[in-house]
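Observations on the three-dimensional arrangement
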Amino acid sequence: MGYALLAGWLPGERMVKAHIVEPVVALRERAEAIGATASVDISGIPPGFDPAAIVFAVKPQHLCDLLPAYLRFAQDGAFFLSVAAGIEIAAMADVVGTDVPIVRCMPNMAAAVGAGMLVCCANVMTSKQQRHLAERLLSPAGKVVFIDDEALMHTVTAVSGSGPAYVFHFLECLERAGTAGGLPDALARDLVLQTIYGAGLLARKSSDDPAVLRRQVTSPNGTTAAALAVLMGEGGLDTLLARTVEAARVRSVELGAH
Ligand SMILES: NC(=O)C1=CN([C@@H]2O[C@H](COP(=O)(O)OP(=O)(O)OC[C@H]3O[C@@H](n4cnc5c(N)ncnc54)[C@H](OP(=O)(O)O)[C@@H]3O)[C@@H](O)[C@H]2O)C=CC1
Ligand SMILES: O=C(O)[C@@H]1CCC=N1
């Protein structure tokens, strides 16, 4: 996820200077290849480097252990921006103090193509300028919204954070169903990718509700009606997705409890 964000800043005309702390050599090299400097640990940050933001894109389980080492940058005016699932602003402030400006963000993987959904929460120490900077840093990755109620971040994570995986699985299943119906593999892949892309784009651009669009596809007594009798039947997709999202939400709460 860190690389997806970085790739939105570099290379380019945006004048962003980024230094990456990354223990894995291949990932450091990948960051360097697009114009960042990189080091294996914090001691490699160039002297005089004066960041406006420190972005934490590490595993949730690592986040709070890492924060104190970066406190000096916050004391020099930087704000912290975390994309770690589950970890609340209060848990970070417990480690570094409540006077540190912290933005918590839940992006999703579509950030890699600039079409992500990025939902943010900021603590009261975050200035208007820092909020604005966070928005500017995140917007190359997709649509950015700020919400006030941090408690919603668990459900945000379960819907848009993990959501691309649900869509990818839907894609896998539809493709398998297509090949089971006799389609060659490559054709099944094309059909499914273009259908999901096109339907997503249409739903995004249309002023109609998805339910209205669905009804427009569904000719009376036609093929879609036959299909939806299964998909929308008892124990169908609605029930399955409610359970799916709840499982992710519960896991996000668990990650935050450690
Ligand atoms: N993947 C996604 O779609 C999304 C991920 N996120 C969040 O993004 C974060 C990163 O997840 P993800 O992109 O999946 O990647 P991973 O969790 O696989 O990778 C995190 C990276 O952090 C590295 N790391 C560990 N310790 C340090 C350290 N001391 N300093 C710097 N880096 C370190 C890891 O190295 P190592 O492998 O050696 O531990 C790894 O390269 C997570 O907190 C996740 O919740 C949020 C939204 C969506
Ligand atoms: O699976 C995860 O925990 C992360 C957060 C959302 C997407 N990936």
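The present account deals with the structure reproduced in this document.

Thresholds, definitions, all that
- Residues numbered from 1 in each chain as written.
- Chains lettered and ligands numbered in written order.
- Predicted model: local features only at pLDDT ≥ 70, side-chain atom pairs only at ≥ 80, totals over all residues.
- Heavy atoms only, no water.
- Pairing = 2+ DSSP bridges.
- Helix = DSSP H or I, 4+ residues; strand = E, 2+ residues; numbered from the N terminus.
- Axes fitted to C-alpha atoms, helices over the stretch in contact; angles between N-to-C directions.
- 1 Å grid on protein atoms, 1.4 Å probe; cavity = no way out; pocket = protein on both sides within 12 Å on 5 of 7 lines; lining within 4 Å.
- Points joined across faces, edges and corners; volume = space filled by probe spheres on them.
- Phe/Tyr/Trp six-rings, centres within 6.5 Å; stacked < 30°, edge-to-face > 60°.
- Buried < 20%, exposed > 50% of the residue type's maximum accessible area, 1.4 Å probe, protein only.

So, the sheet that holds strand β5 (residues 102-106)
Across the sheet, which stays open at both edges, the 5 strands sit in the order β3-β4-β5-β6-β7 with mixed pairing between neighbours. In this open sheet, the two strands that pair with only one neighbour each are β3 (53-56) and β7 (142-146). Each neighbouring strand pair of the sheet contributes to a mean axis angle of 25°, computed without reference to strand direction. As paired elements, strand β4 (residues 79-82) and β5 share 3 bridges and run parallel to each other. Bridged to L81 within β5 is V103.

Structural notes on the layout of surface pockets
Considering only enclosed or pocket space, the largest pocket measures out at about 2700 Å³ in volume. Lining the largest pocket are 48 residues; nearest its centre among them are V167, F170, I196, A199 and G200. Mapped by element, the contributors of at least two residues to the lining of the largest pocket are β6 (116-122), α7 (153-161), α8 (163-180), α9 (185-205), α10 (210-217), α11 (223-231) and α12 (237-256). Ranked by the residues each element gives to the lining of the largest pocket, the list is headed by α8, at 12 residues. In this model, the second largest pocket occupies a volume close to 1300 Å³. As for the second largest pocket, its lining consists of 44 residues, of which W9, H19, I20, V21 and V55 are closest to the centre.

Some thoughts on the packing of aromatic side chains
Summed over the entire model, instances satisfying the criterion amount to 3 aromatic pairs. Measuring from ring centre to ring centre gives 5.3 Å for F56 and Y70, while their planes differ by 90°; the resulting arrangement is edge-to-face. Linking F56 in strand β3 with Y70 in the loop between α3 (60-66) and α4 (71-75), this pair joins segments that are 14 residues apart in sequence. Owing to a relative accessible area of 4%, F56 belongs among the buried residues under this scheme.

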